Amino acid sequence: MSYTVVGMAVGAVLAWTALTYRFWGFLIMVIFLAAGALCGRAAEGKLDLRGIRDALTGRRSSS
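From a predicted model like this one, the values you see are computed outputs, not experimental measurements.

What about helix 1 (residues 3-44)?
- For helix 1, built from 42 residues, the straight-helix expectation of 62 Å at 1.5 Å per residue is missed by more than 12%, its first-to-last C-alpha distance being only 18 Å.
- Of all the bends in helix 1, the greatest, near 135 degrees, is centred on Arg22.

Here it is in structure tokens:
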């Protein structure tokens, strides 16, 4: 499946959520969607959580 098709599906789900559950339901869904994406990338090994923590605490710059 191409990224375009996946993007269209995610956009359709977000639009349906915004229309059905108004702002707060939409916001909660986006937060859970982002958290799920981060967990999935960490599980695949494509996301370095220590590097993110170090950048947020000021131990290392992000550049």
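So, next bit.
A short note on the side chain of Thr17
- Residue placement: Thr17 occurs in helix 1.
- Looking at Thr17, the relative accessible area reads 3%, which means it is buried.
- In this structure the side chain of Thr17 is engaged in a polar contact, spanning 2.8 Å, whose partner is the backbone oxygen of Val13.
- Residues within four places of Thr17 in sequence aside, it is in contact with Arg22, Gly25, Phe26 and Met29.

Description of the packing of aromatic side chains
- Counted according to the given criterion, the structure contains two aromatic pairs.
- With centroids separated by 4.9 Å and ring planes inclined at 75 degrees, the aromatic side chains of Phe23 and Trp24 adopt a geometry described as edge-to-face.
- Owing to a relative accessible area of 60%, Trp24 belongs among the exposed residues under this scheme.

About the cut-offs
Residues numbered from 1 in each chain as written. Predicted model: local features only at pLDDT ≥ 70, side-chain atom pairs only at ≥ 80, totals over all residues. Heavy atoms only, no water. Helix = DSSP H or I, 4+ residues; strand = E, 2+ residues; numbered from the N terminus. Expected span 1.5 Å × (residues − 1). Bend = angle between axes of the 7 residues up to and from the residue. Buried < 20%, exposed > 50% of the residue type's maximum accessible area, 1.4 Å probe, protein only. Polar contact = N/O pair within 3.5 Å; in protein donor to acceptor, adjacent residues only side chain to side chain. Contact = heavy atoms within 4.5 Å. Phe/Tyr/Trp six-rings, centres within 6.5 Å; stacked < 30°, edge-to-face > 60°.

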